[in-house]
Amino acid sequence: LLTTNGNIKMRNLGTSMRMRLKTLYKSLSNKNQIKCQTTNIYRTIQSAFQYSNGFFGSYSSLIPAIEPQNSKDDYLLKFPDLCEKFIKVFLFNKK
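*Asks:* Give me the lowdown on the packing of aromatic side chains, citing residues and values where you can.
*Replies:* As enumerated under the stated definition, the model contains 2 aromatic pairs in all. Ring geometry for tyrosine 51 and phenylalanine 55: centres 6.2 Å apart, planes at 10°, overall stacked. Of this pair, tyrosine 51 and phenylalanine 55 are both found in helix α3 (residues 42–56), 4 residues apart, which corresponds to roughly one turn of the helix. Tyrosine 51 gets classed as partly exposed once you look at its relative accessible area, which sits at 26%. When its relative accessible area of 6% is taken as the criterion, phenylalanine 55 is described as buried. Following the ring pairs from residue to residue traces out a cluster consisting of Tyr51, Phe55 and Phe56.

*Asks:* With reference to specific residues and values, describe the packing of helix α1 (residues 4–20) against α3.
*Replies:* Closest axis-to-axis distance for the α1/α3 pair is 6 Å, and the angle between their directions is 40°. Here α3 runs oblique to α1, going by the angle between their axes. Note on packing geometry: the crossing formed by α1 with α3 is right-handed. For the pair α1 and α3, contact is made by Asn7, Met10, Arg11, Leu13, Gly14, Thr15, Met17 and Arg18 and by Ser47, Gln50, Tyr51, Asn53, Gly54, Phe55 and Phe56, respectively. Looking at side-chain class alone, the contact of α1 with α3 contains 6 nonpolar, 7 polar and 2 charged residues.

*Asks:* Provide a residue-level description of the pairing of strand β2 (residues 66–69), including the pertinent values.
*Replies:* Bridge analysis of strand β1 (residues 36–39) against β2 gives 4 bridges, and the strand direction is parallel. Bridge pairing in β2 links cysteine 36 to isoleucine 66. With respect to chirality, the unit in which β1 leads through α3 into the neighbouring parallel β2 is right-handed.

*Asks:* Help me get a handle on α1, residues and values and all.
*Replies:* Over its 17 residues, α1 runs 24 Å from end to end, which matches the ideal 24 Å to within 8%, given 1.5 Å per residue. Regarding α1, the residues found buried are Gly6, Asn7, Gly14 and Arg18. Taken down its axis, α1 places every buried residue within 120° of arc, on the same side. Structural note: α1 exposes Thr4, Lys9 and Arg20 on the side pointing more than 90 degrees away from its buried face. Contacts made by the buried residues of α1 are with α2 (22–27) and α3.

What counts and what doesn't
Residues numbered from 1 in each chain as written. Predicted model: local features only at pLDDT ≥ 70, side-chain atom pairs only at ≥ 80, totals over all residues. Heavy atoms only, no water. Phe/Tyr/Trp six-rings, centres within 6.5 Å; stacked < 30°, edge-to-face > 60°. Helix = DSSP H or I, 4+ residues; strand = E, 2+ residues; numbered from the N terminus. Buried < 20%, exposed > 50% of the residue type's maximum accessible area, 1.4 Å probe, protein only. Axes fitted to C-alpha atoms, helices over the stretch in contact; angles between N-to-C directions. Parallel < 35°, antiparallel > 145°, perpendicular 65-115°, else oblique. Left-handed = near helix turned anticlockwise from the far one by under 90°. Contact = heavy atoms within 4.5 Å. Nonpolar A, V, L, I, M, F, W, Y, C, P; charged D, E, K, R; others polar. Pairing = 2+ DSSP bridges. Right-handed = clockwise from strand over helix to strand, strands pointing away. Expected span 1.5 Å × (residues − 1). Arc of directions from axis to C-beta.

Read these as geometric descriptors, not functional statements.
Laid out in C-alpha cells, this is it:
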C-alpha cells in the first residue's frame with residue numbers, strides 16, 4: 001500500500017508537472033488522448049491514480065483509466081533485459 005505521505009507526494013508531483021507542462025496540459029481535450037500505464041502492483045496503481053488526480057486537477061473528466069500491465073509484457077520495465085548496449089556497457093563494463 002502507498003502511505004498517506006506517498007499519496008500526497010504523488011498528487012503534488014502531478015500538480016507540479018501540470019504547472020511545468022502547461023502547453024501540453026492545455027492542448028488536451030479528451031481522455032482518448034491520454035494513456036496511463038502501471039505495473040500490476042497495487043502500490044503503483046495507487047501512485048498513478050494520485051499522480052493523475054494531481055495532474056488533471058479539477059478536470060476530472062480527463063483522468064484516463066489506469067491500465068495495469070503484466071510485467072512480462074512491459075517493455076519499459078524490461079528495458080535492461082532488452083537493450084544490448086545496456087547489457088554490454090553497464091552490466092558487464094564492456095564497450
